[in-house]
Amino acid sequence: MSVKLTWLGHACWKIDNTKSTLLIDPFLSGNPVAPITAEQIKPDFILVSHGHGDHLGDTVNIAKRTGATVLSNFEIASYCEGQGCKAHPLHIGGSRAFPFGRLKLTIAHHGSSFPDGRYAGNPAGFLITIGKTKIYDAGDTGLFYDMKLIGEEGIDIALLPIGDNFTMGPEDAVRAAKLLKPKVMIPMHYNTFELIAQDSKSFASQMKKALPRTKVVLLKPGESFSI
Ligand code: NI
Ligand code: MN
């Protein structure tokens, strides 16, 4: 089963397989690098890593328009249900089989509140298994040593933030990749705003030196990678 990942800028990903379309952290409205609008997408599931506006984004509008099911922690799933969306709650360490495959919530070291300041539970990352392909989306996080445990699951594709300031920067993302040992690593959460501007080519060459066996894929918003 082939899996196609499309970067929609920042931390927003569209993942297509034969069965479903997944949308992760749909920050499209107000995202200066988004290649599409929130009206142009029709996901079956929307995964939300935490409550910050640049991740929760257009979740409620897209879910209400399309009938997509929101998959997130209990607090965010309950909030979305309260807004009239379909949602399924999970929490850190918990996994469940869905029509597309299996989703597990992993820890992330970050904050999580809704744009109005209300508590949105703990932030999370995602381990997504589609067929034999394992994708780890770290969400917004700093480096943590338990990435070694996540790496033990056998990661095909790691989506890691490199923007610095709010999340890991490039140096810590290289250290994260050393713990995760993914076959492919794609950086995200950079170059959306000046505050998280990074030189992705220099990051790729640091990665090549440190982890020659991991393939670094640099995408522009709107571009895809298939495995
Ligand atoms: Ni955040
Ligand atoms: Mn963020």
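Notes on the structure in this doc start here. Computed from a predicted model, the values in this text were never measured in an experiment. (Residues numbered from 1 in each chain as written. Chains lettered and ligands numbered in written order. Predicted model: local features only at pLDDT ≥ 70, side-chain atom pairs only at ≥ 80, totals over all residues. Heavy atoms only, no water.)

Let us look at the packing of aromatic side chains. Following the criterion strictly, the structure yields seven aromatic pairs and no others. Taking 5.1 Å as the distance between ring centres and 70 degrees as the angle between the ring planes, the aromatic pair formed by Phe45 and Phe100 counts as edge-to-face. Linking Phe45 in strand S4 (residues 45-47) with Phe100 in the loop between strand S7 (95-98) and strand S8 (101-107), this pair joins segments that are 55 residues apart in sequence. Judged by relative accessible area, Phe45 falls into the buried class, the value being 9%. (Phe/Tyr/Trp six-rings, centres within 6.5 Å; stacked < 30°, edge-to-face > 60°. Helix = DSSP H or I, 4+ residues; strand = E, 2+ residues; numbered from the N terminus. Buried < 20%, exposed > 50% of the residue type's maximum accessible area, 1.4 Å probe, protein only.)

What follows concerns the coordination of the nickel ion (ligand 1). Binding of the nickel ion (ligand 1) to the protein goes through His50 (NE2), His52 (ND1), His110 (NE2) and Asp140 (OD), at separations of 2.2 to 2.4 Å. For the nickel ion (ligand 1), the four donor atoms in the first shell make angles of 86 to 178 degrees at the metal, so the coordination geometry reads as irregular. Linear spacing of the donor residues for the nickel ion (ligand 1) on their chain is H-x1-H-x57-H-x29-D. Between the two metals, the nickel ion (ligand 1) and the manganese ion (ligand 2), the spacing is 3.2 Å, and Asp140 donates to both. A residue pair is termed long-range when its members are at least 10 positions apart, and His50 in the loop between S4 and helix H1 (53-56) and Asp140 in the loop between strand S10 (133-137) and helix H4 (147-151) qualify at 90 residues. (Donors = N, O, S within 2.8 Å, 3.2 Å for Na, K, Ca; no water. Tetrahedral: all angles 85-135°; square planar, octahedral: opposite > 155°, others 65-115°.)

Attention now moves to the coordination of the manganese ion (ligand 2). Within the first shell, the manganese ion (ligand 2) binds the protein through Asp54 (OD), His55 (NE2), Asp140 (OD) and His189 (NE2), at distances of 2.1 to 2.2 Å. Among the residues examined, Asp54 registers a relative accessible area of 18% and is labelled buried. Residue His55 is classed as buried on the basis of its relative accessible area, which comes to 0%.

Once that is clear, we can look at the nonpolar core. Judged by nonpolar contacts, the single largest core of 51 residues is most densely connected at Leu103, Ile128 and Tyr136. For this core, the element with the most residues is helix H5 (residues 170-180), which contributes six residues. Val60, Cys80, Cys85 and Ala87 belong to the second-largest nonpolar core, a separate cluster that totals 22 residues. (Core = buried A, V, L, I, M, F, W, Y, C linked by side-chain atoms within 4.5 Å.)

So, about helix H2 (residues 59-66). For H2, the complete set of buried residues consists of Thr59, Val60, Ile62, Ala63 and Thr66. Looking at the buried residues of H2, the elements they touch are strand S3 (21-24), S4, H1, strand S5 (69-73) and helix H3 (74-82). Remark: Gly67 follows H2 within two positions and exhibits a positive phi of approximately 80 degrees. (Contact = heavy atoms within 4.5 Å.)

On to helix H6 (residues 200-210), then. Of the positions making up H6, those classed as buried are Ser200, Phe203, Ala204 and Met207. Buried residues of H6, seen end-on, are gathered within an arc of 100 degrees and therefore sit on one face of the element. Those residues of H6 that are exposed and aimed more than 90 degrees away from the buried face are Lys201, Lys208 and Lys209. The inward-facing, buried residues of H6 abut H5, strand S12 (184-188) and strand S13 (215-216). For H6, the N-terminal capping position is held by Asp199, with its side-chain oxygen 3.1 Å away from the main-chain nitrogen of Lys201. (Arc of directions from axis to C-beta. Polar contact = N/O pair within 3.5 Å; in protein donor to acceptor, adjacent residues only side chain to side chain.)

Its identity is not glycine, yet His189 carries a phi of approximately 55 degrees, on the positive side. His189 sits in the buried class, given a relative accessible area of 1%. Backbone geometry places Asn191, a non-glycine residue, at a positive phi of 60 degrees. By the element assignment, Asn191 lies in the loop between S12 and H6. When its relative accessible area of 37% is taken as the criterion, Asn191 is described as partly exposed.

Here we come to the pairing of strand S6 (residues 86-90). Relative to S6, S5 is paired through five bridges, and the arrangement is parallel. Within the sheet, the bridge partner assigned to Thr69 lies in S6 and is Lys86. Following the backbone out of S5, through H3 and into the adjacent parallel S6, one traces a crossover that is right-handed. (Pairing = 2+ DSSP bridges. Right-handed = clockwise from strand over helix to strand, strands pointing away.)

Buried charge without a salt bridge: Asp140, with Arg175 as the nearest opposite-charge side chain at an N-O distance of 18 Å. Among the polar contacts made by the side chain of Asp140, one reaches the side chain of His50 at a distance of 3.2 Å. Looking at Asp140, its side chain comes within polar contact range of the side chain of His55, at 2.9 Å. Excluding residues that lie within four positions of it along the chain, Asp140 makes contacts with His50, Asp54, His55, Ala108, His109, His110, Thr167 and His189. (Lys, Arg positive; Asp, Glu negative; His and termini not counted. Salt bridge = Lys/Arg side-chain N within 4 Å of Asp/Glu carboxyl O.)

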